[in-house]
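Structural features, examined
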Amino acid sequence: MSQETYLTGITTTGTPHIGNYVGAIRPGIAASKDPSTKHFYFLADYHSLAKNEDPDKIVRSTLEIAAAWLALGLDTEHAYFYRQSDIPEILELTWILTGMTAKGLMNRAHSYKAAVAANEENGNKDPDKGITMALYSYPILMAADILMFKSTKVPVGQDQKQHVEMARDIAQRFNHHYGETFVLPEAVIGENTAVLKGLDGRKMSKSYNNTIPLFANEKQLRKLIMKVKTNSLEPGEPKDTHDSTLFDMYKAFATEDETAEIAKRYAEGMAWGEMKQLLFEYINDHVKPARNEYEKLIADPAIVETELRKGAKRAREIAVPYVREIRDVIGIRSLG
Ligand code: TRP
């Protein structure tokens with residue numbers, strides 16, 4: 001069997017939180033250690049334009065996400081680690097794919113439909129109010145990201161599965177029209193990876209504003225963990241590990257034996273305050289070495305910039321000749 005190529009993008013909005021860490025960063029870095037597979041991880045900064053973010057926030061988020069992956073030990077000699085906007089060929093491919101994308105396909109994108117539904121709910125006369133073409137065409141840019149590097153496996157959250165399927169549809173249509181050009185990708189939904197709940201018990205997400213930043217300093221980390229919602233059972237009363245955000249967080253970081261030990265203490269009536277202190281100490285010890293490294297990188301962004309440029313140079317060694325080939329296929333050619 002031919003070698004699998006894994007690719008995933010991280011939109012540059014917000015700061016990495018512990019949900020991103022256990023759900024994407026930690027498994028991504030672990031997987032990239034496998035020399036028998038290829039790995040592409042990139043900062044999807046053009047995707048962040050769909051929501052018209054504040055420019056300074058985009059830069060800051062790009063730095064923080066890149067610094068987090070590097071501080072946690074991503075091997076950038078093996079994995080390709082780059083910033084989308086450093087590969088202009090991705091934008092070129094986006095337009096080429098736009099010519100092969102049915103408008104009806106984009107009408108069916110969940111993300112676009114959700115924005116329309118929100119307008120209707122709010123009683124807006126224009127169902128497309130505030131919806132940019134970047135939001136609408138988002139899946140085409142994502143298809144270009146994926147198809148550019150002949151990805152076979154695309155690890156994403158459930159909410160992005162449809163976008164990967166759309167990339168596959170677009171690739172199929174192109175191959176049918178112009179001949180075999182693209183490799184068909186497949187979404188990989190992490191069934192075993194933890195989806196963490198946030199401070200309020202809903203899914204941890206920057207859009208709910210309920211996150212715990214992965215590299216919050218000790219004081220902030222303690223403060224946030226103290227805020228995690230619990231029920232009102234008193235110390236001494238037995239507690240259920242199901243539906244306990246604190247327990248889920250502990251489990252995401254600790255070993256199986258340690259987790260079993262805490263389950264026992266829940267049954268024995270451990271106090272919530274005690275569990276919070278223990279969880280704080282555990283996470284703090286776990287992230288401390290990487291946090292020190294992260295803080296160094298944030299203080300010296302030139303190191304991060306150098307890494308990203310190195311990644312872009314490697315990635316363009318693939319992208320430049322491939323786009324040349326694709327242009328030839330579609331009839332954008334030199335005349336003589
Ligand atoms: N849209 C993805 C998200 O919001 C990020 C992303 C951009 C991506 N391009 C990609 C993911 C390509 C996988 C492959 O999470």
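Residues numbered from 1 in each chain as written. Predicted model: local features only at pLDDT ≥ 70, side-chain atom pairs only at ≥ 80, totals over all residues. Heavy atoms only, no water.

All right, on to the domain arrangement of the protein chain then. Per the domain assignment, the segments making up the protein chain are domain 1 (5-195 + 301-330) and domain 2 (215-296). Its C-alpha centre places domain 1 at a distance of 33 Å from the equivalent point of domain 2. Tallying the contact residues gives 10 residues for domain 1 and nine residues for domain 2. Summed over both partners, the interface of domain 1 with domain 2 buries about 820 Å², with 71% contributed by carbon and sulfur atoms. Ranking the residues of domain 1 by area buried against domain 2 places Ile18, Tyr21 and Ala71 at the top, with a combined share of 47%. At the boundary of domain 1 with domain 2, the tally comes to zero salt bridges. Where domain 1 meets domain 2, there are two residue pairs in polar contact (both at pLDDT 80 or more). (Domains from an automatic or database assignment. Contact = heavy atoms within 4.5 Å. Buried area = accessible area lost by both parts, 1.4 Å probe. Salt bridge = Lys/Arg side-chain N within 4 Å of Asp/Glu carboxyl O. Polar contact = N/O pair within 3.5 Å; in protein donor to acceptor, adjacent residues only side chain to side chain.)

Before going further, it helps to spend a moment on the pattern of salt bridges. All chains considered together, the criterion is met by 18 salt bridges. With its nearest N and O atoms 2.3 Å apart, the salt bridge here joins glutamate 274 to arginine 265. Assessed through its relative accessible area of 24%, arginine 265 is described here as partly exposed. Look at the salt bridges and you will find they share partners, linking Arg83, Asp86, Glu305 and Arg309 into a network. (Buried < 20%, exposed > 50% of the residue type's maximum accessible area, 1.4 Å probe, protein only.)

This brings us to the site of the ligand. Taken together, 14 residues are adjacent to the ligand, and Thr11, His47, Tyr138, Asp145 and Gln160 come closest. In the model, an oxygen atom of the ligand is placed 3.2 Å from a nitrogen or oxygen of the threonine 11 side chain. Note that a nitrogen atom of the ligand is positioned 2.9 Å from one of the side-chain N or O atoms of glutamine 160. Here the ligand has 370 Å² of accessible area as a free molecule, and 88% of this is covered by the chains. Contributions of two or more residues to the shell around the ligand are made by β1 (5-11), β2 (38-44), α6 (133-148) and β4 (153-156). Here the residues of the shell around the ligand sort into eight nonpolar, five polar and one charged. (Near = heavy atom within 4 Å. Areas by Shrake-Rupley, 256 points an atom, 1.4 Å probe, with all protein chains shown as cover. Helix = DSSP H or I, 4+ residues; strand = E, 2+ residues; numbered from the N terminus. Nonpolar A, V, L, I, M, F, W, Y, C, P; charged D, E, K, R; others polar.)

The terminal C-alpha atoms of helix α12 (residues 301-330), which comprises 30 residues, lie 40 Å apart, in line with the 44 Å expected from a rise of 1.5 Å per residue. Arginine 316 marks where α12 bends most, by close to 35°. Those residues of α12 lying buried are Val304, Leu308, Gly311, Ala312, Arg314, Ala315, Ala319, Tyr322, Val323 and Ile326. Phi turns positive one or two residues past the end of α12, at glycine 331, with a value near 90°. (Expected span 1.5 Å × (residues − 1). Bend = angle between axes of the 7 residues up to and from the residue.)

Here we take up the packing of aromatic side chains. Enumeration according to the criterion identifies 15 aromatic pairs in this entry. Geometrically, the ring pair formed by tyrosine 21 and phenylalanine 253 is stacked, given 5.8 Å between the ring centres and 20° between the ring planes. Note that tyrosine 21 is positioned in helix α1 (residues 18-31) and phenylalanine 253 in helix α9 (residues 245-253), a separation of 232 residues in sequence. Overall, tyrosine 21 belongs to the buried group, its relative accessible area being 7%. When the ring of phenylalanine 40 is compared with that of phenylalanine 149, the centres are 4.7 Å apart and the planes differ by 25°; the resulting orientation is stacked. Note that phenylalanine 40 is positioned in strand β2 and phenylalanine 149 in the loop between α6 and β4, a separation of 109 residues in sequence. Of the two residues, phenylalanine 40 and phenylalanine 149, neither departs from the other in class, the shared state being buried. An aromatic cluster is built from Phe40, Phe42, Tyr80, Tyr82 and Phe149, whose rings are joined through pairwise contacts. Positioned above the aromatic ring of tyrosine 322, the side-chain terminus of lysine 150 is 3.9 Å from the ring centre. Its end group placed over the ring of tyrosine 80, arginine 314 keeps NZ or CZ at 4.0 Å from the ring centre. (Phe/Tyr/Trp six-rings, centres within 6.5 Å; stacked < 30°, edge-to-face > 60°. Lys NZ or Arg CZ within 6 Å of the ring centre and 35° of its normal.)

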